[in-house]
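For reference, the chains in residue letters:
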Amino acid sequence: MQAMDLRGLSPAPVTVFTRDGEVDYAANARLAKWLVSMNGVKSLVILGHAGEGTFLTEEERLKLVRTYVEAVDGAVPIIAGITGEGTKVAAEEAKKCKAAGATGALVYPNHGWLRFGFQKGAPQDRYKAIWQESGLQCILFQYPDATKASYDLDTQLAIATQDGVVATKNGVRNMKRWYVEIPELKKANPNLQILSCHDEWLLPTMFDVDGLLVGYGNIAPELLIDLIVAGKAQDYPRAREIFERLLPITRAVYHRGSHMEGTVALKLGLVHRGVLDHATIREPLKNLGEKAEAEIFAAFEAAGIGRAKDLIAAE
């Protein structure tokens, strides 16, 4: 197996809807083409939290995979968020995404574990079944430390050394654990690609990673690519400079009452940049209101990030 090269930016694109709430496949293709036009974008990760993946029907999800595969035309792999409850259900979901053209799987935990926790060995079996049934290359998804679906180190090590697992998207949001566990993962599997998803405070993780897998990649991909370069060069002053420039946007998009509001804010940011015409979302997400919209637009102005250039036409 030739592992996906994720050593750069992997945006997690939003899903674009029409104003009446249907999936706008042409607009999603334009977003995909714009993102992959940038040197440093290594994959597109769809059907996750930022993409409202669990709010789509199965038919919509698979058509969106096909839309993205066609739009990028082999430039980067398309990675599908696999969210189904139950190991068999998730494996079947992965098989269908593979048939639709996906290369990788961002494997979400069974969401029952968020409330009740997981039994030892169950996460490993979930990854094994997805790999064996679909052949999708898997990304180990580490949830925040505050949840019961955050894997202990032994579980992470077991998953990270299984066949088919090529990277980890780590969002533990506990730096005590990060500084202990990331070196252990690298030691156990030197080829494992380390990806941070700490959208709301990226700087502390930038010097230990191969790349970023973030919803933030929708709205400021150019600066995040520069931030990755600075982190890999261990250039703290440059990384700090980029971080400070992004801070107004980080606050407006991610320092909100609920991380779910970040998806709505991402769409508003894309409207401000001229990538989207409107910020239509699906329930249970709610609009943020005119005050928040003005704050988000002002944050882009404060960061000096204007309209996107060279938008790619759907044709």
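It should be noted that the structure appears before, not after, this text.
All values reported here derive from a predicted model rather than from experimental measurement.

### Looking at the overall build of the protein chain
- Each helix and strand counted, the protein chain has 11 helices and eight strands in total.
- Relative to its length of 315 residues, the protein chain is compact, with a C-alpha radius of gyration of 18 Å against a globular reference of 20 Å.
- Dimensions of the protein chain, computed from the C-alpha atoms along their principal axes, are close to 45 × 45 × 35 Å.
- For the protein chain, the residues scored as buried account for 57% of the 315 residues in total.
- For the protein chain, the accessible surface area stands at approximately 13,300 Å², while carbon and sulfur atoms represent 50% of it.
- Taken as two groups, the 36 positive and 39 negative side-chain charges of the protein chain have centres that lie 2 Å from each other.

### Considerations on the packing of helix α5 (residues 122–134) against helix α6 (residues 153–160)
- Viewed as axis vectors pointing N to C, α5 and α6 meet at an angle of 20°, and their least axial separation amounts to 9 Å. Relative to α6, the element α5 lies roughly parallel. Regarding α5 and α6, the two cross each other, and that crossing is right-handed. Two secondary-structure elements touch here, α5 through Pro123, Gln124 and Tyr127 and α6 through Thr155, Ala158 and Ile159.

### A word on the packing of helix α2 (residues 58–72) against helix α3 (residues 87–99)
- Where α2 contacts α3, the axes come no closer than 9 Å and their chain directions differ by 40°. In this view, α2 runs oblique relative to α3, as classed from their interaxial angle. Seen along the crossing, α2 lies across α3 with a hand that is right-handed. Within the contact between the two elements, α2 uses Glu58, Arg61, Leu62 and Val65 and α3 uses Glu93, Lys96 and Cys97.

### A short note on the nonpolar core
- With 108 residues, the main nonpolar core has Leu31, Leu44, Tyr127, Tyr216, Leu224 and Ile249 as its most contacted residues.
- Among the elements that line this core, the one with the most residues is helix α9 (residues 236–254), at nine residues.
- Beyond its immediate chain neighbours, meaning those up to four positions away, Leu44 contacts Pro11, Pro13, Ala32, Leu35, Val36, Tyr68, Val72, Val76, Pro77, Ile78 and Ile79.

### Let's talk about the pattern of salt bridges
- For the structure on display, the rule yields 18 salt bridges.
- The partner of Glu92 in a salt bridge is Lys95, with the nearest N and O atoms 4.0 Å apart. Placement of the pair is Glu92 and Lys95 together in helix α3, with a separation of three residues, close to one helical turn.
- Relative accessible area serves as the criterion here: at 32%, Glu92 is assigned to the partly exposed category.
- For the salt bridge of Glu184 with Lys187, the shortest nitrogen-to-oxygen distance reads 3.4 Å.

### Considerations on the environment of Lys96
- Secondary-structure assignment places Lys96 in helix α3.
- With 20 residues separating them in the primary sequence, Lys96 and Val76 have C-alpha atoms 19 Å apart.
- Here Lys96 is in contact with Glu58 and Leu62, once residues within four sequence places are set aside.

### Notes on the sheet that holds strand β8 (residues 211–214)
- Within the open sheet, the eight strands sit side by side as β1-β8-β7-β6-β5-β4-β3-β2. Their pairing is parallel. Only two strands of the sheet have a single neighbouring strand rather than two, namely β1 (9–11) and β2 (44–46). Between one strand axis and the next, the sheet turns by 25° as a mean value, whatever way the strands run.
- Pairing of strand β7 (residues 193–196) with β8 involves two bridges; the strand directions are parallel. For Ser196, the partnering residue across the bridge sits in β8 and is Leu212.
- Running at roughly 170° to strand β5 (residues 137–142), α6 makes contact with β5 and β6 (165–170) of the sheet.

Rules used in this analysis
- Residues numbered from 1 in each chain as written.
- Predicted model: local features only at pLDDT ≥ 70, side-chain atom pairs only at ≥ 80, totals over all residues.
- Heavy atoms only, no water.
- Helix = DSSP H or I, 4+ residues; strand = E, 2+ residues; numbered from the N terminus.
- Rg over C-alpha atoms; globule rule 2.2 N^0.38 Å.
- Buried < 20%, exposed > 50% of the residue type's maximum accessible area, 1.4 Å probe, protein only.
- Areas by Shrake-Rupley, 256 points an atom, 1.4 Å probe, with all protein chains shown as cover.
- Lys, Arg positive; Asp, Glu negative; His and termini not counted.
- Charge placed at Lys NZ, Arg CZ, Asp CG, Glu CD.
- Axes fitted to C-alpha atoms, helices over the stretch in contact; angles between N-to-C directions.
- Parallel < 35°, antiparallel > 145°, perpendicular 65-115°, else oblique.
- Left-handed = near helix turned anticlockwise from the far one by under 90°.
- Contact = heavy atoms within 4.5 Å.
- Core = buried A, V, L, I, M, F, W, Y, C linked by side-chain atoms within 4.5 Å.
- Salt bridge = Lys/Arg side-chain N within 4 Å of Asp/Glu carboxyl O.
- Pairing = 2+ DSSP bridges.

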